[in-house]
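Here is what each chain is made of, one letter per residue.
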Amino acid sequence: MTETNRQLILRTRPTGLLSPGDLQLGESPVPAIADGQALARVKYLSIDPTMRVWMATDSYMPAVGIGDVMRSAGFAEVVESRHKDFKEGAKVVGLTGLQDYCVIDPAGTRNWFQKIPPIPFVSDTTFLGVLGITGITAYFGMTDIGKPQQGETLVVSAAAGATGSIAGQIGKIQGCRVVGIAGGPEKCKWITEELGFDAGVDYKRPDWKEELAAATPKGVDINYENVGGEIMKAVLERMNLHGRVVLCGFISGYRNREAEAIALGTIIVKRLKVQGLLVSDYMDRAKEAITQLGKWKMFGKLKDRETIVEGLEKAPDAINMLFTGGNIGKLIVKV
């Protein structure tokens, strides 16, 4: 074990994309553990849009404090233990932070870690994607809020991202016509040719609204919303009566806090059911989701893709990739 713990510290609250110095790489001693704790070596970091929110403001979790290690989910392996349930060699997922080592303290506040069972032929990174928070979010957003029915039309924004790509495939499994909105021909090709979406709408094209209309000739029954802004407004205008809107994320406003460009009158006129989604509400049912997602993946009904960035020091660049469209599928940093 090395004697230093590299950490990315939040030094300033960014405006727009992250700038050099917003997150600063530093070193501290590897933390000592007390009775009831375990020390884990972080192997992979999950890079998610919500991290940009955590840098800026209080939300469903407090903003990361200036001078604190930047919060993030990650995959780690226990290297030292003084806790009976987290033995040396155990693999875990949880809020590791952007650092080399993290302390597992089950008695601590907001120190959630979950042990990962050994599953043959499943890579470690899968537990940050389709069998992790990403997959759980997509699963419950679709099954508990979207409630897809055979023959309905589902539109997913950020469809080539980690959550959107899984949500769309769940819609296909449930018999929906699935239309994905993504940025660029490569992403649209991936979701249609590899994932089986019925249509891909490239929002970078000037005629993307016409493409959306052509791809949803019978209107839209379910909107799995990850973007917000003008894209959400265009989809809402295509919604059918009594449609369902799953509000998973508003990535278009995370770095500049833009107002959501939606017409609230549309919700009234079309009697839409609109519900926000936080995966933390479903963690007591995580096993249910992981079991079903695992079965679908095993039988080839779910496919996933990862963009892996090498090196802890590259994490700020990886976070920016979420907002410049530089990734396809789950974005991960290999520490």
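That block above? That's the structure.
Quick caveat, the model's predicted, so the values are computed rather than measured.

Definitions and limits used
- Residues numbered from 1 in each chain as written.
- Predicted model: local features only at pLDDT ≥ 70, side-chain atom pairs only at ≥ 80, totals over all residues.
- Heavy atoms only, no water.
- Pairing = 2+ DSSP bridges.
- Helix = DSSP H or I, 4+ residues; strand = E, 2+ residues; numbered from the N terminus.
- Axes fitted to C-alpha atoms, helices over the stretch in contact; angles between N-to-C directions.
- Phe/Tyr/Trp six-rings, centres within 6.5 Å; stacked < 30°, edge-to-face > 60°.
- Buried < 20%, exposed > 50% of the residue type's maximum accessible area, 1.4 Å probe, protein only.

## A short note on the sheet that holds strand S13 (residues 273-276)
With respect to topology, 6 strands assemble into an open sheet ordered S10-S9-S8-S11-S12-S13, the strand pairing being parallel. Edge positions in the sheet fall to strand S10 (199-202) and S13, since each of these pairs with one other strand and no more. The sheet shows a mean angle of 15° between the axes of neighbouring strands, taken without regard to direction. Where strand S8 (residues 153-157) and strand S9 (residues 177-182) come together, 5 bridges link them in parallel fashion.

## Let's talk about the packing of aromatic side chains
By convention here, two paired aromatic rings are described through the distance between centres and the angle between planes. Scanning the entire structure with this criterion turns up 5 aromatic pairs. Here the aromatic rings of Tyr139 and Trp296 are separated by 6.1 Å at their centres, their planes lie at 50°, and the arrangement is tilted. Taken as a pair, Tyr139 in helix H2 (residues 133-146) and Trp296 in helix H8 (residues 286-298) lie far apart in primary sequence, 157 residues in all. Classification of Tyr139 as buried rests on a relative accessible area of 9%. A network of ring pairs unites the aromatic residues Tyr139, Phe140, Tyr282 and Trp296 as a single cluster.

## What to know about the environment of Ser72
Structurally, Ser72 is set in the loop between helix H1 (50-56) and strand S4 (73-81). The exposure class assigned to Ser72 is buried, which follows from its relative accessible area of 0%. Through-space distance from the C-alpha of Ser72 to that of Lys233 is 30 Å; in sequence the pair is 161 residues apart.

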